[in-house]
Amino acid sequence: MTDGPWNRLRTLFDQLHAMNPPERAAFLDRELLGEPELRAELEKLLSDSASAAGFLEERKASASGSTVGPYRLIEPLGEGGFGVVYLAEQLRPIRRRVALKLIKPGMDTKQVIARFKAEQQALALMDHPGIAQVFDAGETEAGRPYFAMEYVPGVAITTFCDREKLRLDERLKVFLQVCDAIQHAHQKGVIHRDIKPSNVLVSRRDGAVSLKVIDFGIIKATGEGLLAERTMTREGTVLGTVGYMSPEQIGAIDAPVDTRSDIYSLGVVLYELLSGSLPFDIARLRRVAWSEALRMMREEEPTPFLVNAARIGTGEIAERRSTDSRSLLRELKGELDWIALRALEKEPDRRYGSASELAADVRRYLADQPVLAAAPSTMYRLRKYARRHRVGVGAAALVLLAIVGGAIAAGIGFRRAVRAESVARQEAESSRQVADFLVGLFHAPSPDRSKGQILGARELLDEGTHRIESDLKGDPRVRARLLGAMGDSYLNLESFEEGLRLTRASLVASESVRPLDELLIARHLDKLANAFSMTGQTDSIPGIVDRAISLLQAHSGGDPDLLASCLYRKAKWWMQRGDLAPADSVLSAAIGIAESQPAPNPSRLNRLYSTRATIAHMRFELDVAERYFLRALQYTESAGEPSRSIAIHRRLAGLYVDRGESAKGLEHAVHAVALARKLYSPDHDGVADALGGQAQVLNSLKRDAEAISVQEEAVAILKAKGRRTEHLAYELQFLASLYRAAGRFDLAVARAEESCAVHRETLGPDHLRTGGAMAELARCYASAGRKPAADASFRAAIGVFDRIGEASVYLSQTLKDYADLCRDDGRFVPAERLYARAEAALDSTQAGLRPFFAQALIGRAGLRSLQGLHAQAETLMATGFRMKQGDSPPDDVGLIDAHLAWAEVRLRGGDRAAAIAHIRRAARCGAKLADVAKYPALARLRTRPDYPFATSP
């Protein structure tokens, strides 16, 4: 058979294989009219395939016990057009399960055998955890070749992700493993040419995702001498699966099939993983004539995510991605769409150059960095359209340019000039009146009003407010600006009632300006949203911000910086509700708008980056959070806002504690406190915030008495205000945890109960922080011996986290602590279930989450030791300790509890010397006798002469 007919054989076979006989006949009559040789070859292959299928059906019942070489067949795992894969057991020289690939009867043509042997050799060359390993190769007694490879007990990548209901970010992390495996193959000189979901098998092993790329049966060598057989790699041969093949692979465009063809297939898999469908109408592609299929692949562009989602619906698809339709559409819009569409470019030169380059862009997206892919420009789309419709586009363009070009330009220029002159005149007059007012305000007040005293800031504000409200009755534009400025000033001085009143009045004044000024109203709506945020009255914020955004979008000129501010208000509201995904999405859009301005506003960017850093920290994406906090700090310095600098240093301190770098965190905490005491009065909330950060770091360093003293000062400042705020609730919760760690259980319970009450009042019952406060209350109850109350509070906290669905770390910690309580109380069955849930709630591949995953493993190790399963306990303990330690030094203070827990496990296993060794290691990390006392079983070791602590408490 010549290259021309063979060029279509595999694709036609795949299409016909799924059809019934009448459909096949009609298809062959249409497609192969006048090509009797190709039709005869195809019909023979179909007949042989049917015979092979019958053979397989017969073998299913008798496969068990049948042997091929040293392998006993167990059952068929799957089949393709030319081969079948069995689950088999290797009998010698070692026993193990393998996947044995065997050519079907009747399929052993020269070309198929060559391709089969090429797959053996290619797989043998590769050594990558994401590619199935070849163990052995041989021939059956009938001369049919086989090879045995690593058995992969997984399912197709799309099936796995849907079954596990993985979020988009989790799916992207799985996809990165595929890219890494394909990159390895390319580096070995091998092109896969049949990348599709069923050739990427995924499963979970020990809680982690395990992935293998299989079926290199139609590989192509990129380097001379790699493979002895070359017939399977002839240029022009169509090999692959319709829907996943690149345009050059299917013959739609004239370009070589190289590694970039695999990039296209990876793009299709990525598209399907994210959106739940293929980028083309596959049913139509298989239904139309071959020439039309080639035209579609050559000319029709992949459907953008949002267009495709609107066509197929997103309800069930969103559910399989653990989200809702709106959130899914929001996440798919933009950068993810750009990445997929770049991989799916028709022209190979426009795709990513390698699998590693595609993976790098995905990693940039996950790290919230700018991606290399970009939205196709309007000019690019026009060029593509013009290329398909050259004659019509050329004629229309000439006529259109001749008729309307000059008129449009003249009209637009005239209108812009008139509008600009009017706006400039209004702004100049308003600025003059504002300046006159301020000059009058700061001119020495009359003795009658000041009584000869120098006015302070508050008195000066009161004087200005009186003048505005009594004397300034003219231009509402000027009145709005001045009232807004006064409102801001009162809010900054924590005079919230007066600040909110004046901000509302400024909005009323802006709405009375005629003609209507949408930008002015939007600006004062933004101010009012900020005032509500500062006063804790957050329920009204969404409506206010949405109205401002609507006005900005309706305005012809717009105000990008103001739009970024409004988006920031909305994102912060989402974050305060505990809805982190929409908050992060909105912030991403706001940052893009703010940074695109000719002169970016550093104050605005500071707030945007610091808030996005806080969200990343709440998700324990610690490296991302650090990068954003440091970026925000740069903008703070250029904006000259020391108050923002204090807040960021305080949050960096907490971040470094969570990352195991407490010494670095203490530097930031001390700096924040020094700045706060310098900038604020002693009773200001900013001082309390900075002190709270310092207490957190001191606690991580086991400087318990200092931590309690500093935290008590912070709480006292906040309580003296007489206001029950979210800030007070958080600091009360942390103080409760400090009392609990110090063994002062009555105080711990009292502060935790107070914290829960304030959290419910300020944030509502179903909020991330409310759930965290309830979990801390449960821990305090448990430490105080009040087990029924602890049970109830743990269950209530878990219920909150389950309902809000954005609490992986908080949920896991709560489940683990509840499991510890059940374990120590002898309730092993619920403890086992809770530990399993705690582990399942976390992605252990994420660096920031590994210490929390480790805690669940360590807790379960304790359960196994109590059950007498000491070998399992040791394995779990070793794994958990290794994850907990990470890159920390061996004497890190954060390892104290892990060493003591391991000492308890060793003691229950009968190894007292090893238990003492772990207590000694805990002591080198800074453990005190009070720390050891938390592990009652270790009390039996106190009488030993090698016990590292004094025997008296």
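Here's what I pulled together on the structure shown here. (Residues numbered from 1 in each chain as written. Predicted model: local features only at pLDDT ≥ 70, side-chain atom pairs only at ≥ 80, totals over all residues. Heavy atoms only, no water.)

A few points about helix 25 (residues 580–595)
Between its terminal C-alpha atoms helix 25 stretches 22 Å, which fits the 22 Å expected from 16 residues at 1.5 Å a residue. All of the buried residues in helix 25 are Leu580, Pro582, Ala583, Asp584, Val586, Leu587, Ala590, Ile591 and Ala594. (Helix = DSSP H or I, 4+ residues; strand = E, 2+ residues; numbered from the N terminus. Expected span 1.5 Å × (residues − 1). Buried < 20%, exposed > 50% of the residue type's maximum accessible area, 1.4 Å probe, protein only.)

Looking at the pattern of salt bridges
Applying the stated rule across the entire model yields 61 salt bridges. The closest approach of N and O atoms between Arg363 and Asp180, which form a salt bridge, is 3.2 Å. With Arg363 in helix 15 (residues 355–366) and Asp180 in helix 6 (residues 168–187), this pair connects stretches of sequence that are 183 residues apart. Note on Asp180: relative accessible area 31%, which makes it partly exposed. (Salt bridge = Lys/Arg side-chain N within 4 Å of Asp/Glu carboxyl O.)

With respect to the side chain of Arg171
Locating Arg171 in the fold gives a position in helix 6. A polar contact is formed between the side chain of Arg171 and the backbone oxygen of Leu273, at a distance of 2.8 Å. Setting aside anything within four residues of it in sequence, one finds Arg171 in contact with Cys161, Asp162, Leu166, Leu273, Arg320 and Arg321. (Polar contact = N/O pair within 3.5 Å; in protein donor to acceptor, adjacent residues only side chain to side chain. Contact = heavy atoms within 4.5 Å.)

With respect to the sheet that holds strand 9 (residues 200–205)
An order of 7-9-10 is seen for the 3 strands of this open sheet, with the pairing classed as antiparallel. Both edges of this open sheet fall to strand 7 (155–156) and strand 10 (208–213), since each of them pairs with a single strand only. Against the sheet, helix 6 makes contact with strand 9 and strand 10, and its axis sits at roughly 35° relative to strand 10, the strand it touches most. (Pairing = 2+ DSSP bridges. Axes fitted to C-alpha atoms, helices over the stretch in contact; angles between N-to-C directions.)

Focus: the pairing of strand 4 (residues 96–103)
Side-chain positions along a regular strand alternate between the two faces of the sheet. Taking burial as the measure, the 8 residues of strand 4 include 6 buried ones, the bulk of the element. Here 8 bridges tie strand 3 (residues 83–90) to strand 4, and the two strands are oriented antiparallel to one another. Paired with Val84 across the two strands is Leu102, which belongs to strand 4. Once strand 3 ends, the chain turns through 5 residues before running back antiparallel as strand 4.

Details of the packing of aromatic side chains
Aromatic rings considered in pairs are described by the distance between their centres and by the relative angle of their planes. Under the defined criterion, the tally for this structure stands at 8 aromatic pairs. On the basis of an interplanar angle of 45° and a centroid distance of 5.6 Å, the ring pair of Tyr609 and Tyr628 is categorised as tilted. Highlighted residues: Tyr609 in helix 26 (residues 602–618) and Tyr628 in helix 27 (residues 622–639), separated in sequence by 19 residues. You can call Tyr609 buried: its relative accessible area is 5%. In this structure Tyr628 comes out as buried when scored by relative accessible area, which is 4%. The interplanar angle of 10° and the centroid separation of 6.0 Å between the aromatic rings of Tyr609 and Tyr635 together place this pair among those described as stacked. (Phe/Tyr/Trp six-rings, centres within 6.5 Å; stacked < 30°, edge-to-face > 60°.)

A word on unusual backbone geometry
Most of the time, phi is negative for any residue but glycine, and the peptide bond is trans. Residue Pro515 is reached from Arg514 by a cis peptide bond, and omega for that bond is 0°. Mapping Pro515 onto the fold places it in the loop between helix 21 (496–511) and helix 22 (518–534). We note that Arg193 has phi near 70°; this positive angle belongs to a residue other than glycine. Tracing the sequence through the fold places Arg193 in the loop between strand 8 (190–191) and strand 9. For Arg193, a relative accessible area of 2% puts it in the buried group. Of note, Ser322 is a non-glycine position whose phi angle comes to about 55°, a positive value. Structurally, Ser322 is set in the loop between helix 12 (315–320) and helix 13 (325–332).

Comments concerning the packing of helix 36 (residues 808–824) against helix 37 (residues 828–840)
Taken N-terminus to C-terminus, the directions of helix 36 and helix 37 make an angle of 160°; their axes are 8 Å apart at the nearest point. Our classification of the angle between helix 36 and helix 37 gives roughly antiparallel. You can see that helix 36 and helix 37 cross each other, and the crossing is left-handed. Of the residues in helix 37, those touching helix 36 at Leu811, Ser812, Leu815, Lys816, Tyr818, Ala819, Asp820, Cys822 and Arg823 are Phe828, Pro830, Ala831, Leu834, Tyr835, Arg837 and Ala838. Taken together, the residues of the contact of helix 36 with helix 37 sort by class into 11 nonpolar, 1 polar and 4 charged. (Parallel < 35°, antiparallel > 145°, perpendicular 65-115°, else oblique. Left-handed = near helix turned anticlockwise from the far one by under 90°. Nonpolar A, V, L, I, M, F, W, Y, C, P; charged D, E, K, R; others polar.)

A few points about the nonpolar core
Counting residues in hydrophobic clusters, the biggest one holds 156 residues, and the most contacted among them are Leu608, Leu900, Ile919, Leu938, Leu941 and Tyr947. Considering each element in turn, this core owes the most residues, 9 residues, to helix 24 (residues 560–577). Excluding residues within four positions of it along the chain, Leu941 makes contact with Leu907, Arg912, Ala915, Ile916, Ile919 and Tyr947. Counting residues in each nonpolar core, the second largest holds 56 residues, with Ala181, Tyr352, Ala355 and Tyr365 among its members. (Core = buried A, V, L, I, M, F, W, Y, C linked by side-chain atoms within 4.5 Å.)

Some thoughts on the pairing of strand 9
Relative to strand 9, strand 7 runs antiparallel, the two being bridged by 2 bridges. Each residue of the ladder has a partner; that of Val155, found in strand 9, is Val202. Here 6 bridges tie strand 9 to strand 10, and the two strands are oriented antiparallel to one another. The residue of strand 10 that forms the bridge with Ser203 is Ser210. Taken together, strand 9 and the strand that follows it, strand 10, pair antiparallel across an intervening segment of 2 residues, in which Asp206 is found at a positive phi of about 55°.

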